Amino acid sequence: QVQLVESGGGLVQPGGSLTLSCAASGRSFDNSYMGWFRQAPGKEREFVGVTSWSGRNTYFADDVKGRFTISIDNAKNTVILQMSNLKPEDTAVYYCAARLGRGFIPTTVRQYDYWGQGTQVTVSS
């Protein structure tokens, strides 16, 4: 079955950087979109960014644009979220998600088929 396993979360100071990984297994993701979401305490899960598995199509939420990037390591079947210039408001549990099939770029929770368990990111001095 499909499994998405996030790793790399932790505590980082404001202005710092952190890299999250999402190991994907259980099927081919060649025709999929891989997204990242986050959820802070008391808030709804929100879209962070997405990439097609090919890497040709990427899209980010406005508040992370220019600070976050997403890439695919095909050799390891892993999706990588690189975060820089982190702010306290970036603190949240970060989730990896997969939407199978091509078409429009998915940006909402409902549009994804599979989810990881999440990894905590805390930005604090």
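Keep in mind the model is a prediction, meaning the values are calculated, not measured.

A.B. asks: Got a minute to help me understand the overall build of the protein in this structure?
C.D. replies: Across its full length, the protein carries 0 helices and 11 strands. N-terminal to C-terminal, the α/β element order of the protein is β-β-β-β-β-β-β-β-β-β-β. Here the C-alpha radius of gyration of the protein, 13 Å, is about what a compact globule of 125 residues would show, namely 14 Å. Along the first, second and third principal axes, the C-alpha atoms of the protein reach 40 × 25 × 25 Å. The proportion of buried residues among the 125 residues of the protein is 42%. Residue pairs in contact within the protein that sit at least 24 positions apart in sequence constitute 58% of those at least 6 positions apart. Accessible surface for the protein amounts to roughly 6,500 Å². Of this, 45% is attributable to carbon and sulfur atoms. Counting 12 positive and 10 negative side-chain charges, the protein places the averaged centre of each group 4 Å from the other.

Criteria and thresholds
- The residue numbers shown here count from 1 along each chain, following its written sequence.
- Owing to the predicted nature of the model, reporting of local features is limited to residues with pLDDT of at least 70; listing and counting of side-chain atom pairs is limited to 80 or more, with chain, interface and lining totals taken over all residues.
- The side-chain numbers reported here are obtained from all heavy atoms of the structure, hydrogens and water having been left aside.
- In DSSP terms, a helix is any run of H or I states spanning at least four residues, a strand is any run of E spanning at least two, and both are numbered starting from the N terminus.
- Only C-alpha atoms enter the radius of gyration; for comparison, a globular chain is expected to reach 2.2 Å times N to the power 0.38, where N is the number of residues.
- Exposure classes here rest on a 1.4 Å probe applied to the protein chains alone. A residue is buried below 20% of its type maximum, exposed above 50%, and partly exposed in between.
- Contacts are residue-level and defined by heavy atoms, with any inter-residue pair within 4.5 Å sufficient.
- Computed by Shrake-Rupley with a 1.4 Å probe, the accessible areas treat only the displayed protein chains as cover when residues are assessed.
- Neither His nor the chain termini are counted; the positive set is Lys and Arg, and the negative set is Asp and Glu.
- In this description, the location of a charge corresponds to atom NZ of lysine, CZ of arginine, CG of aspartate or CD of glutamate.

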